[in-house]
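Summary of structural features
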2 protein chains.
Amino acid sequence: MLSTEQIIGVMSAQGLRITDQRRSLAKLFAERDGYLTPKDVYEYMCKEYSGLSFDTVYRNLRVMEELGAIEQVVFEDGLKFRAGCSSEGHHHHHMICLQCQKTYPIHFCPMPLTDAPEEFQVVKHKFEVFGYCKNCRKDAAAEKEQAAERSGVN
Amino acid sequence: MLSTEQIIGVMSAQGLRITDQRRSLAKLFAERDGYLTPKDVYEYMCKEYSGLSFDTVYRNLRVMEELGAIEQVVFEDGLKFRAGCSSEGHHHHHMICLQCQKTYPIHFCPMPLTDAPEEFQVVKHKFEVFGYCKNCRKDAAAEKEQAAERSGVN
DNA sequence: TTGGCTGCAAACTATTTGCAGCGCT
DNA sequence: AGCGCTGCAAATAGTTTGCAGCCAA
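Every chain is numbered independently, its residues counted from 1 as its sequence is written. Here every chain gets a letter starting at A, and every ligand a number starting at 1, in the order they are written. Where totals are concerned, whole chains, interfaces and linings use all residues; where local detail is concerned, this predicted model gives features only for residues with pLDDT of at least 70, and gives and counts side-chain atom pairs only at 80 or more. To obtain the side-chain values, all non-hydrogen atoms of the structure were used and water was disregarded.

By the naming in an unreviewed UniProt entry, chain A is Fur family transcriptional regulator, taken from Paenibacillus haidiansis. As stated in UniProt under Sequence similarities (unreviewed entry), the record for chain A gives "Belongs to the Fur family." UniProt positions are given in the numbering used here, feature names are shortened, and annotations may be inferred rather than shown by experiment. A UniProt comment under Subcellular location (unreviewed entry) is attached to chain A, and it reads "Cytoplasm".

A few words now on the overall build of chain A. Along its length, chain A carries five helices and five strands. Strands are runs of DSSP state E lasting at least 2 residues, helices are runs of H or I lasting at least 4, and numbering of each runs from the N terminus. The secondary structure elements of chain A, listed N-terminal to C-terminal, are α-α-α-α-β-β-β-β-β-α. For every residue, the accessible area obtained with a 1.4 Å probe (protein chains only) is divided by the maximum for its type, and the residue is called buried under 20%, exposed over 50%, and partly exposed between those limits. Residues classed as buried in chain A amount to 41% of the 154 residues present. Whether two residues are in contact is decided by their heavy atoms: any pair within 4.5 Å suffices. Nonlocal contacts in chain A, meaning residues at least 24 apart in sequence, comprise 49% of its contacts between residues at least 6 apart. Only the protein chains shown count as cover for residues, and the accessible areas themselves come from Shrake-Rupley with a 1.4 Å probe. Surface accessibility of chain A: about 8800 Å² in total, with carbon and sulfur atoms responsible for 48%.

Residues and elements named next belong to chain A. Of all six residues that make up strand β1 (residues 70-75), five are buried, and the element is covered over most of its length. Should DSSP find at least two bridges between two strands, the strands are regarded as paired. Examined bridge by bridge, β1 and strand β2 (residues 78-83) share six bridges and lie antiparallel to one another. Looking at β2, one finds that Ile70 is bridged to Ala83. Remark: two residues form the turn of the hairpin made by β1 and β2, two consecutive strands paired antiparallel.

Before going further, it helps to spend a moment on the protein's contact with DNA strand D. Nearness of a residue to a molecule or strand requires only that one of the residue's heavy atoms be within 4 Å of it. The full set close to DNA strand D counts 21 residues, and Arg22, Asp55, Thr56 and Arg59 of chain A together with Tyr58 of chain B are the nearest of them. Restricting the count to atoms of DNA strand D within 4 Å of the protein gives a sugar and phosphate share of 62%. By the criterion applied in these results, polar contacts are pairs of N or O atoms within 3.5 Å in which, for protein atoms, one can donate a hydrogen and the other can accept it, and in which residues neighboring in sequence qualify only through two side-chain atoms. Between Gly51 of chain A and DNA strand D, the recorded distance is 3.1 Å, taken from a backbone N or O atom to a phosphate oxygen. One of the side-chain N or O atoms of Asp55 of chain B is found 3.2 Å from a base oxygen in DNA strand D. Where the surface near DNA strand D is concerned, the elements lending two or more residues are α2 (20-31) and α4 (54-67) of chain A together with α4 (54-67) of chain B. Classification convention: Asp, Glu, Lys, Arg as charged; Ala, Val, Leu, Ile, Met, Phe, Trp, Tyr, Cys, Pro as nonpolar; all other residues, Gly among them, as polar. Considered class by class, the residues forming the surface near DNA strand D number seven nonpolar, six polar and eight charged.

Every contact between the two is made by 35 residues of chain B and, on the other side, 35 residues of chain A. Summed over both sides, the interface of chain B with chain A buries roughly 3400 Å², with 67% coming from carbon and sulfur. Summed over the three residues of chain B that lose the most area to chain A, namely Met95, Phe120 and Lys126 of chain B, the buried surface amounts to 19% of that side. Should a side-chain nitrogen of Lys or Arg be within 4 Å of a carboxyl oxygen of Asp or Glu, the pair is scored as a salt bridge. Across the chain B-chain A interface, the total number found is three salt bridges. Here Lys126 of chain A and Glu76 of chain B are joined by a salt bridge, their closest N and O atoms 3.9 Å apart. At the boundary of chain B with chain A, the tally comes to eight residue pairs in polar contact (both at pLDDT 80 or more). Mapped onto the side of chain B that touches chain A, the elements with two or more residues apiece are β1 (70-75), β3 (93-97), β4 (103-106), β5 (121-132) and α5 (134-153) of chain B. By residue number, the principal contributor to the side of chain B that touches chain A is β5 of chain B, which donates twelve residues. For the side of chain B that touches chain A, the per-class residue count stands at 22 nonpolar, four polar and nine charged. Summarising the sheet, strand β5 (residues 121-132) of chain A and β5 of chain B pair through eleven bridges and their orientation is antiparallel. Each residue of the ladder has a partner; that of Val122 of chain A, found in β5 of chain B, is Gly131 of chain B. What gets called buried area is simply the loss in accessible area from a 1.4 Å probe that two parts show on being joined, summed for both.

Structure follows, in structure tokens:
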């Protein structure tokens, strides 16, 4: 995944100005390795840089996405962003934790094994696995126990 | 895929009233075998049933989705709906035409071949292939030629 | 008859855009 | 100094909700 400096480098190289907000954005995406909603981004950045407006977040997310510094994915509950990782070399897919939003690479790609029927001309594909990662699995189990206890008592 | 009568049956069985609008919706989804946006649905239904409001479309799409009469998927360009097909028996995936939105089933599922790293607990997965189907492939090729001619002349 | 369904209008959420002033380069 | 970036406010797109009248059962 890209580091803070790499993200800033990408932006700078394309002629963008490096403002405090953008530095802060770069740092955020480099620190986290999961998906963030525009709201997550806004809330994080407000801490570091108060007086921030939502428009700036949207504008910068879009610019950074167009430059390839970050990647954008549509989920059922809206748009999310993460630091670029397709630049990391080979094509790959992700396992995504439903709790913490972190992602784990899957190097296996099903496309070569998939038959395209009726002369279907393949352009792109999406393969995503959702579930709970090692850490959140524990959390989820603990919560379930608590829920069971509550309903058992009541 | 479900037929008009099957869709109406599902709704009726769950205590919903069968109104003209709902009959029209059922017919639409039974006729098409691709994804439709709420706007597509609205435009089609206006022809058959004028005086229709957008709210009714949204309300009915939601109800039908909750009942399992139709299925909902999020794409980059928004929500789309199609007649239920997971009821068709075995688990499967889809190839989706970027032009006409029709879908073709893929019976191959990559999940059994995918290793879950680090004790990742898999809950669900998504595997979708996008491209152009037999018919739209021709259309796309024809358009490309036209575009090439235009740019070649100018 | 009557409670569910519809159209209308308004509210809401998420995102985009116009504009004037500030600040990176 | 100059132009890009930002905040503010307003516009826009997509979707949901409240309410009163209408209609399938």
